[in-house]
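Remarks on the overall topology
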Amino acid sequence: MISPHTGTGARTRPFEALLRISNLTVHFESRPAIADISLDIHTGETVSLLGPNGAGKSTLLKVIAGMLPASHGSVLLRGAPLRGVDGAITYIPQRAGADWAFPISVLEAVQLGLPRTIPRWRRFSRTEHERARAALARVGMDSLGDVQIGALSGGQQQRVFLARALLHQGPILLLDEPFTGVDVPTQELFVSLFDTLREQGTTIVYATHDLAQAARTSDRVVLLNRYLVASGSPAEVLREATLGETFGGQVVVLTAPDRGTGGGLESPVPTAVLR
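First, a word on what this report is: a plain description of the structure on this page. Just so it is clear, the model here is predicted, and its values are computed rather than measured.

Here we take up the side chain of Ser48. Here Ser48 is to be found in strand S3 (residues 46-50). On the accessibility criterion, Ser48 (0% relative accessible area) is buried. Looking at Ser48, its side chain comes within polar contact range of the side chain of Ser218, at 2.8 Å. Leave out the neighbours within four places in its chain, and Ser48 touches Tyr206, Thr208, Ala214, Ser218, Arg220, Val221 and Val222.

Throughout the structure, instances matching the rule amount to six salt bridges. Arg216 is the partner of Glu188 in a salt bridge, and the nearest nitrogen-oxygen pair spans 2.8 Å. Taken as a pair, Glu188 in helix H5 (residues 184-199) and Arg216 in helix H6 (residues 211-217) lie far apart in primary sequence, 28 residues in all. Judged by its relative accessible area of 35%, Arg216 falls in the partly exposed class. Its salt-bridge partner being Asp195, residue Arg198 comes within 2.6 Å of it at the nearest N-O pair. Here Arg198 and its partner Asp195 are both found in helix H5, three residues apart, which amounts to about one turn of the helix. Classification of Arg198 as buried rests on a relative accessible area of 4%.

On to the pairing of strand S1 (residues 17-28). In terms of strand pairing, S1 meets strand S2 (residues 31-42) through eight bridges, oriented antiparallel. In the strand pairing of S2, Val26 is matched with Ile34. Counting the residues in the hairpin turn of S1 and S2 gives two residues, including Glu29, whose phi is positive at 60°. For S1 and strand S4 (residues 72-77), the ladder comprises five bridges, and the chain directions are antiparallel. Considered in S4, the bridge of Leu19 is made with Leu77.

A separate point is unusual backbone geometry. Even without being glycine, Glu29 reaches a positive phi, approximately 60°. If you check the backbone angles, Glu177 has positive phi at about 55° while not being a glycine. Position of Glu177 relative to the elements: it lies in the loop between strand S7 (172-176) and H5. Overall, the relative accessible area of 7% leaves Glu177 in the buried class.

Each value, and the rule that gives it
- Residue positions within a chain follow its written sequence, with the count starting from 1.
- Selection of residues for local features in this predicted model requires a pLDDT of at least 70, selection of side-chain atom pairs for listing and counting requires 80 or more, and totals for whole chains, interfaces and linings are taken over all residues.
- The basis for every side-chain value is the complete set of heavy atoms in the structure, and neither hydrogens nor water enter the calculation.
- Under the DSSP-based scheme used, a helix requires at least four consecutive residues in state H or I and a strand at least two consecutive residues in state E, with every element numbered from the N terminus.
- Categorising residues by exposure relies on relative accessible area from a 1.4 Å probe, with only protein chains included: less than 20% of the type maximum marks a residue as buried, more than 50% marks it as exposed, and the intermediate range marks it as partly exposed.
- Side-chain atoms alone can form a polar contact between residues adjacent in sequence; in general such a contact is a pair of N or O atoms within 3.5 Å, and within protein one must be able to donate a hydrogen while the other accepts it.
- Two residues form a contact once any of their heavy atoms are found within 4.5 Å.
- In the sections that follow, a salt bridge refers to a side-chain nitrogen of Lys or Arg positioned within 4 Å of a carboxyl oxygen of Asp or Glu.
- We call two strands paired when DSSP finds no fewer than two bridges between them.

Structure representation (structure tokens):
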């Protein structure tokens, strides 16, 4: 197995340990969703979880988010056991799991992501309105605040999720399939925001099926298929042998320049699988 501590993609400064996952196993009845996963995630690192459907990517994210208990093993946050939902961690679920028919506006949906110390039935303050508007502006949605959420496209809905997450500004951001079913402008927006958040020290962990995005946006790629297949920089991990073990069947790897080489061709990064 490639060490999780080797390679940092485009980044050169050392990472501080933030999350430590040890021998993590989750069973759904008698079936293991993930088995014996050990992984360190570091401050300011962007990590992509890559694997086929049913590989356990969503399960791993939910355990880290404190939404799903582990059957065995542990998750440590800054050296302390993670017990339930923690304010340091923001989780963005898959878009398909939301009720987009709920009769609220885009602005109201974003405001629901605000941490509040007063009852929800009280009106939002002017400051809270301004914060929500500012978050919508960061994702290019400030002109759509009064639109009902069900009228949005898939890419716009994903932007609403991200705007809500930006209100928390916690040190850890977890995203489940953020690039799935969205248009190219939304993908580019997410990539740009990832870069900004990373420079601010935010740790980003996201699940994806997209090898090209994983190679382009990640410091580290983690290959999963219920167990940990490999962990390392995109150039180290996205290779025919490890991808074949992860996805099975015949694997063909296409290459593109490593984003850490300044666009040069000296260090090609595998970016696609054909099965």
